[in-house]
Amino acid sequence: MRIVHTANELRGTTTRPARRSGDRPSRAVVMTMGALHEGHLALVRAAREAADEVVVSIFVNPLQFEDPDDLDTYPRTLDEDCALLEPLGVDVVFAPSVDEVYPTGLPVVTVNAGRIGEVFEGAHRPGHLDGVLTVVCKLLHLTQPDLAFFGQKDAQQLIAVRTMVRDLAMGVDIVAVPTVRDVDGLALSSRNVFLSGEERARALILSEAVMAADAAARTGADLDEALAAGNAALAREPEVEVEYLAALDPVSAEGLEGDYRGEAVIAVAARVGETRLIDNVVTRIGRPLG
Ligand code: PAF
């Protein structure tokens, strides 16, 4: 496994043609901000299965942090991350500095997530999804993959990335990988390390809420009833400060209402103490899944 820090070094690592050769995609990328956990490793394993060459990027992207304290305290654990990646057969770790990715300072031209960047996550974290898309676009250009793997855990990010790739004809296949959970249901997140024992116990209410909504939908509940089931669960933890629990259209991220029937992302965001957490489940409203 080679660990490289510059775009030039990255270009030098390529052992195969950058684009699909024969019947197998040649290169897959997994983009991360480090502080790797089993959720990231699931992305890497899926990439390893799918492609000849796996590149993992590790870059804490300042453009997607609205709060400078959050950026400063974001865990940075490159050595531990590389130790986790090596046994998985990763070919290249690309861990650039901020100056390497943004050599002229903040980029003049950026990607705008449009309406997707204004609702739910976008409303609570203005500019966040623009920052994500800008760095994803840049990392796609630098790594030139056939496939790029993203976690379902960041459902709105996944929708935004898919939409960018579609609308700007970016020529890469985006593959979604299911959320990895602890045995008690808590979705894995690099931010979980900030939770005290008590907070971690409280944080379980996020997964319980989306699972309750999903369970209701599976037994035939309509959208309002499914969301009511999720809200009833959240009400059991009044100290958890809920930002939203909502049903999102899986393609546009618009909020779903009324008598909608079809696939829906039930998403929740909440603060547990100082830590902001998100979770979601993809369900179907209007008919039991069986
Ligand atoms: O999901 C993340 O870790 C980040 O948003 C990403 C996709 C690596 C972009 O910085």
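Residues numbered from 1 in each chain as written. Predicted model: local features only at pLDDT ≥ 70, side-chain atom pairs only at ≥ 80, totals over all residues. Heavy atoms only, no water.

Applied cut-off: UniProt positions are given in the numbering used here, feature names are shortened, and annotations may be inferred rather than shown by experiment.
Looking at an unreviewed UniProt entry, the protein chain carries the name Pantothenate synthetase, with the source organism given as Demequina litoralis. Recorded under Function (unreviewed entry), the UniProt text for the protein chain is reproduced unchanged: "Catalyzes the condensation of pantoate with beta-alanine in an ATP-dependent reaction via a pantoyl-adenylate intermediate."

1. Remarks on the environment of Asp222
Keep this limit in mind: A run of H or I in DSSP becomes a helix once it reaches four residues, and a run of E becomes a strand once it reaches two; helices and strands are each numbered from the N terminus. Throughout this description, buried means an accessible area under 20% of the type-specific maximum (1.4 Å probe, protein chains only), exposed means over 50%, and partly exposed covers the range between. Polar contacts, as used here, are pairs of N or O atoms within 3.5 Å; protein pairs need one atom able to donate a hydrogen and one able to accept it. Residues neighboring in sequence count only if both atoms are side-chain atoms.
Relative to the elements of secondary structure, Asp222 occurs in the loop between helix H9 (197-218) and helix H10 (223-234). With relative accessibility at 35%, the residue Asp222 sits in the partly exposed group. Spatially, the C-alpha atom of Asp222 lies 9.6 Å from that of Arg284, the residues being 62 residues apart in sequence. A polar contact of 2.9 Å, which involves the side chain of Asp222, links it to the backbone nitrogen of Glu225.

2. Overview of the site of the ligand
How we decide: One heavy atom within 4 Å of a molecule or strand makes the whole residue count as near it. Note on areas: Shrake-Rupley with a 1.4 Å probe; residue coverage comes only from the protein chains shown.
Around the ligand sit Met31, Thr32, Met33, Asn61, Gln64, Val132, Val135, Phe150 and Gln157, and those are all the residues in its vicinity. Between an oxygen atom of the ligand and a side-chain N or O atom of Gln64, the distance comes to 2.6 Å. Gln157 is positioned with one of its side-chain polar atoms (N or O) 2.7 Å from an oxygen atom of the ligand. If the ligand stood free it would expose 290 Å²; the protein chains cover 89% of that surface.

3. Comments concerning the UniProt feature "binding site: beta-alanine" (unreviewed entry) in the protein chain
Mapped onto this numbering, the UniProt entry gives "binding site: beta-alanine" (unreviewed entry) at Gln64. Positionally, Gln64 belongs in the loop between strand E3 (53-58) and helix H3 (68-73). Judged by relative accessible area, Gln64 falls into the buried class, the value being 8%. Here Asn61 takes part through its side chain, which lies 2.9 Å from a polar atom of the side chain of Gln64.

4. A look at the sheet that holds strand E4 (residues 92-94)
Note the threshold: The pairing criterion for strands is at least two bridges between them, as found by DSSP. Note on method: axes are straight lines fitted to C-alpha atoms, helices fitted across the in-contact stretch only, with angles between N-to-C directions ranging 0 to 180 degrees. The contact definition used throughout considers only heavy atoms, calling two residues in contact when any of these lie within 4.5 Å.
Here six strands make up an open sheet; going across it, the order is E1-E4-E3-E2-E5-E6 and the pairing parallel. With partners counted over all chains shown, the strands left at the sheet margins are strand E1 (2-4) and strand E6 (173-177), one partner each. Recorded for the sheet is a direction-independent mean angle of 25° between the axes of neighbouring strands. Pairing geometry for E1 and E4, over three bridges, is parallel. For Val4, the partnering residue across the bridge sits in E4 and is Phe94. In the packing of helix H4 (residues 78-85) onto the sheet, the strands contacted are E1, E3 and E4, and the crossing angle to E3 comes to about 160°. Docked against the sheet, helix H7 (residues 128-143) engages strand E2 (27-32), E3, E4 and strand E5 (147-151), running at close to 145° with respect to E2.

5. As for the pairing of strand E9 (residues 275-285)
In terms of burial, E9 is a largely internal element, nine of the 11 residues being buried. Taken together, the 11 bridges between strand E8 (residues 262-272) and E9 define a ladder with antiparallel strand orientation. Among the inter-strand pairings, Glu263 is bridged to a residue of E9, identified as Arg284. Turn length for the E8-E9 hairpin, with the two strands adjacent in sequence and antiparallel, is two residues, and the turn residue Gly273 shows positive phi of about 60°.

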